[in-house]
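Structural overview for review
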Amino acid sequence: LLPCTARARYYAHMASSTEDVSTVMPDRLGGLKSFKVDQILNDGKAGGGVGVVLLGTFAGCSMQAVVKVSRPPIPLGDPDALAAALDLAPRMPYSGAEYGYYHGYLAPEFAPTFSVDVLYPGCLEDATDEARAKLLAKYVGRSTSQAAVVFRETAAAYEAAHAPYISGIPLANLGWVYKILNQEKEVENILFEDPNPVDGFLINVDPKWSTRPVLQTTPREQWVGHAGTSELYCLGLSHRRDIRSLRDLRREHLPLLRAMAAKGRKVIREVYGLPDESLRIFVHYPPQYYHFHVHFTNVAVNFGVETERAHLLDDIIDNIERNSEHYATCAITCRMGEADALWGKYKEFQSNLGGC
């Protein structure tokens, strides 16, 4: 977990120590015993599926990490197996009525108790110290308990505040996206790819879909109608690198957008058996990262779909068909946290206008 400038020395030290070097990489952790909590960013009480978010440092690391702990959905593919996997312990004395109250303990081989995400920019080999620091600050800002705010972004506000904000994001922050597109990472999650560099894209499974069927435990032919499709969440990643967000879309991008909509529906219908009427396809604005991507979810999924953030892909296509410059000129309402750096840019823009 050390910045790459110190990795060689650290690996040499670890080779002569009793600790396994694999235990200090974010994708190879065996536990969190070496993680020292510096701050609770989010206690999870606000709901929304965020869970508990901790900021701290792993032993031997020079940079902080963000650890997210949440409860995955209860798997219902085999209700009898669920019942058999639950052990009970009394939660309170029997009242003499028809109720019994228990703590339930689910066998770990049946389903995980928690989902744990470890976000550590310090392990990015190709990033500068400044880029790592900015990425950590973004994760901390978005994970910290804070009030939500909305801002009506005009074309002028975009050019004066949002565009400079995007330009200030190090390109290295998108390295993980390019590795997926180059099929260097997450190859097992790919559902479809069109390699065309102009209108091509890749569809894969989003890690947020914790109840998805996986080949290691469920044969692909059993994915159709799988109980986990009620939480279906997939992503479409464009191969083009010049589309940063909704604001960049023009008529020339319609073939890409139409293909993502049509092929996304077809792939998800064939792989998972989810009918078109149960699929929501949308784009976030502002996006979490500035490489054009599309979200595919079951309509039952209720997070990330706020009206001031999610824009339906079919509506985007209709708007551009009528006016190629629609998203370059229209005002767009944006939602973010009050600690988000982008909100600071918007407030600065308003201040320069005299508070208008």
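Treat the numbers as computed from the prediction; the structure is a model and nothing was measured.

**Here we look at unusual backbone geometry**
The peptide bond linking tyrosine 285 to proline 286 adopts the cis configuration, its omega dihedral lying at -5°. Here proline 286 is to be found in the loop between strand E11 (279-284) and strand E12 (293-298). In the Ramachandran plot, glutamate 186 falls in the positive-phi region, its phi being about 55° despite a non-glycine side chain. Relative to the elements of secondary structure, glutamate 186 occurs in the loop between helix H5 (175-181) and strand E8 (190-194).

**Let's talk about a nonpolar patch on the surface**
Judged by side-chain polarity, Leu32, Phe114 and Val116 come together as a nonpolar surface patch covering roughly 240 Å² of accessible area. Inspection of the secondary structure puts valine 116 in strand E6 (residues 115-119). On the basis of relative accessibility, which here comes to 43%, the residue valine 116 falls in the partly exposed class.

**As for the nonpolar core**
In terms of nonpolar packing, the biggest core is built from 54 residues, with Leu191, Leu257 and Tyr272 touching the most fellow members. For this core, the leading source of residues is helix H6 (residues 254-272), giving nine residues. For leucine 257, the contacting residues outside a window of four places in its chain are Leu249, Phe292, Leu313, Ile316, Ile317 and Ile320.

**Observations regarding empty space enclosed by the protein**
Under the criterion given, the structure shown has one cavity of 30 Å³ or more. Counted as a void, the largest cavity has a volume near 30 Å³. Lining of the largest cavity is provided by Arg244, Ser245, Leu246, Val283, His284, Pro287, His291, Phe292 and His293. Of the residues belonging to the lining of the largest cavity, the class tally is four nonpolar, four polar and one charged.

**Comments concerning the pairing of E11**
Among the six residues of E11, six are classified as buried, and the element is accordingly described as predominantly covered. Across four bridges, the pairing between E11 and E12 is antiparallel. What sits directly across from isoleucine 281, in E12, is phenylalanine 296. Note that E11 and strand E13 (residues 310-312) share three bridges and pair antiparallel. Along E13, the bridge assignment pairs histidine 284 with alanine 310.

**What about the confidence of the model for the protein chain?**
Residue-level pLDDT values for the protein chain average 86, and 91% of them are 70 or greater. The low-confidence segment residues 1-24, where pLDDT is below 50, has 40 contacts with residues more than four positions distant or belonging to other chains.

**Notes on the pairing of strand E7 (residues 148-153)**
Within a regular beta strand, the side chains point alternately toward one face of the sheet and then the other, so they alternate between its two faces. Across the two faces of E7 the burial differs, with Val149, Phe151 and Glu153 buried and Ala148, Val150 and Arg152 not buried at all. Direction of pairing for E7 relative to strand E14 (residues 332-337): antiparallel, over a ladder of six bridges. Opposite glutamate 153, over in E14, you have isoleucine 332 as the bridge partner.

Cut-offs applied
Residues numbered from 1 in each chain as written. Predicted model: local features only at pLDDT ≥ 70, side-chain atom pairs only at ≥ 80, totals over all residues. Heavy atoms only, no water. Helix = DSSP H or I, 4+ residues; strand = E, 2+ residues; numbered from the N terminus. Patch = residues over 30% accessible without salt bridge, like charges linked within 9 Å, V, L, I, M, F, W, Y side chains within 5 Å. Areas by Shrake-Rupley, 256 points an atom, 1.4 Å probe, with all protein chains shown as cover. Salt bridge = Lys/Arg side-chain N within 4 Å of Asp/Glu carboxyl O. Buried < 20%, exposed > 50% of the residue type's maximum accessible area, 1.4 Å probe, protein only. Core = buried A, V, L, I, M, F, W, Y, C linked by side-chain atoms within 4.5 Å. Contact = heavy atoms within 4.5 Å. 1 Å grid on protein atoms, 1.4 Å probe; cavity = no way out; pocket = protein on both sides within 12 Å on 5 of 7 lines; lining within 4 Å. Points joined across faces, edges and corners; volume = space filled by probe spheres on them. Nonpolar A, V, L, I, M, F, W, Y, C, P; charged D, E, K, R; others polar. Pairing = 2+ DSSP bridges. pLDDT = per-residue confidence, 0-100.

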